[in-house]
Amino acid sequence: MHRVALAVEYQGTHYHGFQTQPSGVPTVQGHLERALSAVANEPISLICAGRTDAGVHATGQIVHFDTMAERPEKAWVLGTRAQLPFDIAVRWARPVEPGFHARFSARSRTYRYLISDRDTYSALTHQHITWSRKRLNVGAMREAAQALVGEHDFTSFRASQCQARNPVRRIDYLHLVRRGDLIVLEVRANAFLHHMVRNIVGVLLAIGAGEADIGWAAEILAARDRSAGGVTARPFGLYLVHVDYPAAFGLPGGQPGPIFVPEPLGGLMENP
């Protein structure tokens, strides 16, 4: 028995989240496990770094599984291609030591959220980028977001059905930049609560649209009450782009994506 880690990219539009559900609805995990089981010629069960919600995408989801099958790395990548739908792909595969765990070995996770505030709705970016009907003040959003950086109790930004025992999380940074009509938010934290990123974005959208003051984000955080928060932003603009692990595990790097956002992690800077 040995352990294999994979990086997985998927478009979450047609799936009820990553995790397999008892109801049998389509999930990313379900398709992946069936494809990997076919390549391994034995049942495969996956552990993931983070369970993304329905409609949420990923360019750098990390999973691991244990198997008796001996396959070259290329077989796990290319062998699954014929078994997977067009909107799920394995980016790389690596053998890892038994102590590696996709979830518990992770030191941080990074998400990007994409927003367009052009005058008219874009048919080409439907379910890939969230559209704002109002022009957004990115400077105000950036200023408001700084109140959330650091270690805090994020009760006000968690879903009511969140099952995490501890609402305290540490946000390392939260960057916002404008690229024409595209606004990119990048946030890295040690871990995220259920709907935490989407609830943060919902608050920042209201501030950027001039519907709330800059200090509202800090007030919501201090309230420690989900009812004090704003609307949960749509899932379609959200991408899990990177999971960080100790270098000792030897996992590959690569661009976080999505492919039309070429900046490296932490590289989202305002134009001079």
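That block above? That's the structure.
Visitor: Pulling in residues and values, what's your account of the overall build of the protein?
Guide: What the protein contains, in helices and strands, is five helices and 10 strands. If one aligns the C-alpha atoms of the protein with their principal axes, the spans along those axes are about 60 × 40 × 40 Å. Looking at the 272 residues of the protein, the share that counts as buried comes to 51%. When contacts within the protein are restricted to residue pairs at least 6 apart in sequence, those whose partners lie at least 24 apart make up 71%. Both charge centroids of the protein, one from 28 positive and one from 24 negative side chains, sit 3 Å from each other.

Visitor: Please give an account of helix 3 (residues 138-145) that cites residues and values.
Guide: What helix 3 keeps buried is the set Val138, Ala140, Met141, Ala144 and Ala145. The buried residues of helix 3 occupy an angular sector of 160 degrees when the element is viewed end-on, so they sit on one face. At its buried positions, helix 3 is contacted by strand 5 (108-116), strand 8 (168-179), strand 9 (182-189), helix 4 (196-208) and helix 5 (216-223). Between the side-chain oxygen of the N-cap and the backbone nitrogen of Gly139 there are 3.1 Å, and the N-cap of helix 3 in question is Asn137.

Visitor: Which residues make up the pattern of salt bridges, and what values go with them?
Guide: For the coordinates displayed, the defined rule picks out 13 salt bridges. Residue Asp181 pairs with Arg135 through a salt bridge whose shortest N-O separation is 3.0 Å. With a gap of 46 residues between them, Asp181 in the loop between strand 8 and strand 9 and Arg135 in the loop between strand 6 (130-131) and helix 3 connect regions that are remote in the sequence. What makes Asp181 partly exposed here is its relative accessible area of 36%. Because the salt bridges share partners, they merge into one network encompassing Asp117, Arg135, Arg178 and Asp181.

Visitor: Describe the environment of Ala93, naming the residues involved and giving the relevant values.
Guide: Checked against the element boundaries, Ala93 lands in strand 4 (residues 88-96). Spatially, the C-alpha atoms of Ala93 and Val63 are 9.7 Å apart, while their sequence positions differ by 30 residues. Sequence-distant contacts of Ala93, that is, excluding residues within four places in its chain, are made with Val4, Ala5, Leu6, Glu73, Trp76 and Val77.

Cut-offs applied
- Residues numbered from 1 in each chain as written.
- Predicted model: local features only at pLDDT ≥ 70, side-chain atom pairs only at ≥ 80, totals over all residues.
- Heavy atoms only, no water.
- Helix = DSSP H or I, 4+ residues; strand = E, 2+ residues; numbered from the N terminus.
- Buried < 20%, exposed > 50% of the residue type's maximum accessible area, 1.4 Å probe, protein only.
- Contact = heavy atoms within 4.5 Å.
- Lys, Arg positive; Asp, Glu negative; His and termini not counted.
- Charge placed at Lys NZ, Arg CZ, Asp CG, Glu CD.
- Arc of directions from axis to C-beta.
- Polar contact = N/O pair within 3.5 Å; in protein donor to acceptor, adjacent residues only side chain to side chain.
- Salt bridge = Lys/Arg side-chain N within 4 Å of Asp/Glu carboxyl O.

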